[in-house]
Amino acid sequence: MRGAVIHAPGDVRFETLADPKILRPTDAIIRTVVTCVCGSDLWPYRGLEPIGDPHPMGHEYVGVVEEVGSEVTSVRPGQFVVGSFATSDNTCANCRNGWQSNCLHREFMSTCQADLVRIPNAEGTLVATDGMPGDAFLPGLLAVSDVMGTGWYAALAAEVRPGSTAVVVGDGAVGLCGVIAAKEQGAERIIAMSRHEPRQKLALEFGATDLVTERGEEGVARIKDLTDGIGADSVLECVGTAESMRQALHSARPGGSVGFVGVPHDVTIDAQELFFSHVGLRGGPAPVRRYLPELIDLVLSGRIDPGKVFDLTLPLDQVAEGYKAMDERRAIKTLLKP
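Residues numbered from 1 in each chain as written. Predicted model: local features only at pLDDT ≥ 70, side-chain atom pairs only at ≥ 80, totals over all residues. Heavy atoms only, no water.

**Observations concerning the overall build of the protein chain**
Per the secondary structure count, the protein chain includes twelve helices and 16 strands. In summary, the protein chain has a C-alpha radius of gyration of 19 Å against a globular reference of 20 Å for 338 residues, a match within 12%. Once the C-alpha set of the protein chain is aligned to its principal axes, its extents read approximately 60 × 40 × 40 Å. Looking at the protein chain as a whole, 53% of its 338 residues are labelled buried. By sequence separation, contacts in the protein chain at least 24 residues apart represent 68% of the contacts at least 6 residues apart. (Helix = DSSP H or I, 4+ residues; strand = E, 2+ residues; numbered from the N terminus. Rg over C-alpha atoms; globule rule 2.2 N^0.38 Å. Buried < 20%, exposed > 50% of the residue type's maximum accessible area, 1.4 Å probe, protein only. Contact = heavy atoms within 4.5 Å.)

Dropping the structure here:
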């Protein structure tokens with residue numbers, strides 16, 4: 001098969017790789033229908049995370065089942081499936097509590113920018129649709145496998161409530177999906193922090209009511225201006241930098257909540273400041289599997305269309321250009337077609 005391999009910062013190549021095989025009876029092999037580049041893939045691409053030896057990339061996927069292990073009964077060859085970037089057996093104590101991304105048998109996907117993918121814990125990870133979805137739904141279903149599920153979790157972690165005010169820090173794919181989530185969960189006012197016009201337009205289309213272009217303490221001051229000097233009920237932190245975390249925590253009102261889903265890089269939190277702020281903080285890898293059935297239905301019913309975050313579509317063999325376009329902010333998110 002063929003797939004993306006990262007060799008060094010800025011160096012992603014499309015190479016011939018060994019076909020995946022069933023290694024455990026709980027595995028499945030899928031043929032990807034569409035895959036993509038994630039904003040988190042840019043951390044190693046930009047040299048901000050160690051790469052080590054050359055290795056495959058990608059953790060977002062939808063596809064058709066090719067083969068299943070002997071213990072997999074929930075899906076069968078020929079079915080179209082959506083999965084999560086974190087695999088789960090969906091039966092352990094953590095899964096039963098709704099935290100499938102902390103499954104006791106969790107494995108993080110990392111080889112999905114390829115023709116074929118081995119899915120560990122397939123029984124608990126994959127959700128099949130009724131038949132093959134139309135092409136128009138594929139981008140939205142692909143978004144559900146990570147960025148939409150992550151944005152959904154960010155809104156839940158931030159305790160978005162009907163009638164509340166929510167702030168979204170970050171205008172990448174996760175932040176934009178966070179706008180969708182905040183709207184679906186009932187926020188009356190959604191303030192998107194963005195200074196990029198194409199992303200601002202999409203945020204407004206997804207349900208944002210206000211835009212804030214300032215960053216840092218200036219951005220916090222603007223949020224306070226928009227909320228009678230108090231701050232927002234809920235803040236979704238969707239970036240993962242020290243600045244974005246500080247901006248999120250300072251934008252929440254006393255008693256408000258911050259949901260953080262941006263993978264933290266060089267982020268430290270002042271415990272004493274947090275203590276006296278009365279701001280709640282919850283985050284981590286999103287338990288996407290918990291939300292898959294609901295989000296798949298929302299996409300297939302046409303109620304939400306998170307697939308609009310894909311503003312560049314390329315053949316899989318042009319994956320290197322997909323990374324470059326996102327790194328240079330010429331694209332929000334690149335969809336890849338094998």
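Once the structure has been displayed, the description carries forward.
**Concerning the packing of aromatic side chains**
With the rule as written, the count across this model stands at four aromatic pairs. On the numbers, 5.3 Å between centres and 40 degrees between planes, the contact of Y45 with Y323 is tilted. Of this pair, Y45 sits in helix α1 (residues 42-45) while Y323 sits in helix α12 (residues 319-327), placing them 278 residues apart in sequence. A relative accessible area of 0% means that Y323 is categorised as buried. With a centroid separation of 5.0 Å and an interplanar angle of 85 degrees, the aromatic rings of F275 and F276 are classed as edge-to-face. The pair formed by F275 and F276 is uniform in burial state, with each residue classed as exposed. (Phe/Tyr/Trp six-rings, centres within 6.5 Å; stacked < 30°, edge-to-face > 60°.)

**Details of empty space enclosed by the protein**
Taken as a whole, this structure holds one cavity of 30 Å³ or more when the rule is applied. Quantified by volume, the largest cavity comes out at close to 40 Å³. In terms of lining, the largest cavity is formed by V168, G170, D171, G175, L176, V179, A192, M193, S194 and A203. Broken down by secondary-structure element, the contributors of at least two residues to the lining of the largest cavity are α6 (173-184) and β10 (189-193). Here the lining of the largest cavity gets three residues from one element, more than from any other, and that element is α6. For the lining of the largest cavity, a count of residues per class yields six nonpolar, three polar and one charged. (1 Å grid on protein atoms, 1.4 Å probe; cavity = no way out; pocket = protein on both sides within 12 Å on 5 of 7 lines; lining within 4 Å. Points joined across faces, edges and corners; volume = space filled by probe spheres on them. Nonpolar A, V, L, I, M, F, W, Y, C, P; charged D, E, K, R; others polar.)

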